[in-house]
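Residues per chain are reported as follows:
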Amino acid sequence: RARGATRIFVAGLSNGAVGLSRIAPTLTRDVDGFVLVSGAAAGAHPARRPTLIIQARDDHMTPQRVARAYARGAGRHLRYVELDGTHFVFAERNDEICALIAGWLAEQLHGGSTTTAPPRRPRSAPPRRS
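Heads up: these notes are all about the structure in this document. Remember, predicted model here, so these are calculated numbers, not experimental data. (Residues numbered from 1 in each chain as written. Predicted model: local features only at pLDDT ≥ 70, side-chain atom pairs only at ≥ 80, totals over all residues. Heavy atoms only, no water.)

Things to note about helix α4 (residues 94-109)
For α4, with 16 residues, the first-to-last C-alpha span of 22 Å sits near the 22 Å given by 1.5 Å per residue. Every buried residue of α4 is accounted for by I97, I101, W104 and Q108. Down the axis of α4, the sector holding all buried residues measures 65°, keeping them to one side. Those residues of α4 hidden inside the fold are in contact with β1 (9-13), β2 (33-37), β3 (51-56), β4 (78-83) and α3 (89-92). Where α4 ends, the next residue or the one after it, G111, has phi of about 90°, a positive value. (Helix = DSSP H or I, 4+ residues; strand = E, 2+ residues; numbered from the N terminus. Expected span 1.5 Å × (residues − 1). Buried < 20%, exposed > 50% of the residue type's maximum accessible area, 1.4 Å probe, protein only. Arc of directions from axis to C-beta. Contact = heavy atoms within 4.5 Å.)

Focus: the pattern of salt bridges
If you walk through the whole model with that rule in mind, you get seven salt bridges. Residue D32 is joined to R1 by a salt bridge in which the shortest nitrogen-to-oxygen separation is 3.2 Å. With D32 in the loop between α1 (15-23) and β2 and R1 in the segment before β1, the pair connects residues that are 31 residues apart, well separated along the chain. A salt bridge links R68 to E82; the shortest N-O distance between them is 2.9 Å. With a gap of 14 residues between them, R68 in helix α2 (residues 64-72) and E82 in strand β4 connect regions that are remote in the sequence. The exposure class of R68 is buried, given its relative accessible area of 5%. Classification of E82 by relative accessible area gives buried; the value is 13%. (Salt bridge = Lys/Arg side-chain N within 4 Å of Asp/Glu carboxyl O.)

Next up, the structure:
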């Protein structure tokens, strides 16, 4: 901000996303939004700031269930995107992920945003019966 920036967004990849998910609530006075790719900390509390979460379906290092739980706690401030891929989805689908991030940032900078909640359970799971 001292250099003239009016909007600041912070991104984390893998363990950087895990760490960012933990400290995000302490940054809300200084940061306008967050991007988490391939990671979120179990039990972390989402910041009440716009957040983009990109998670791979076959990520065995940072499981989607953790990202989904984090996403559910973020409410209307969230866009959750789940893609086919592994923990290395950023390398596997780089162009697509860069476009997702650029589009999301453009929405944030121009005042519009779309909330996409995480799925409640994996698509392959059978429906629960009561």
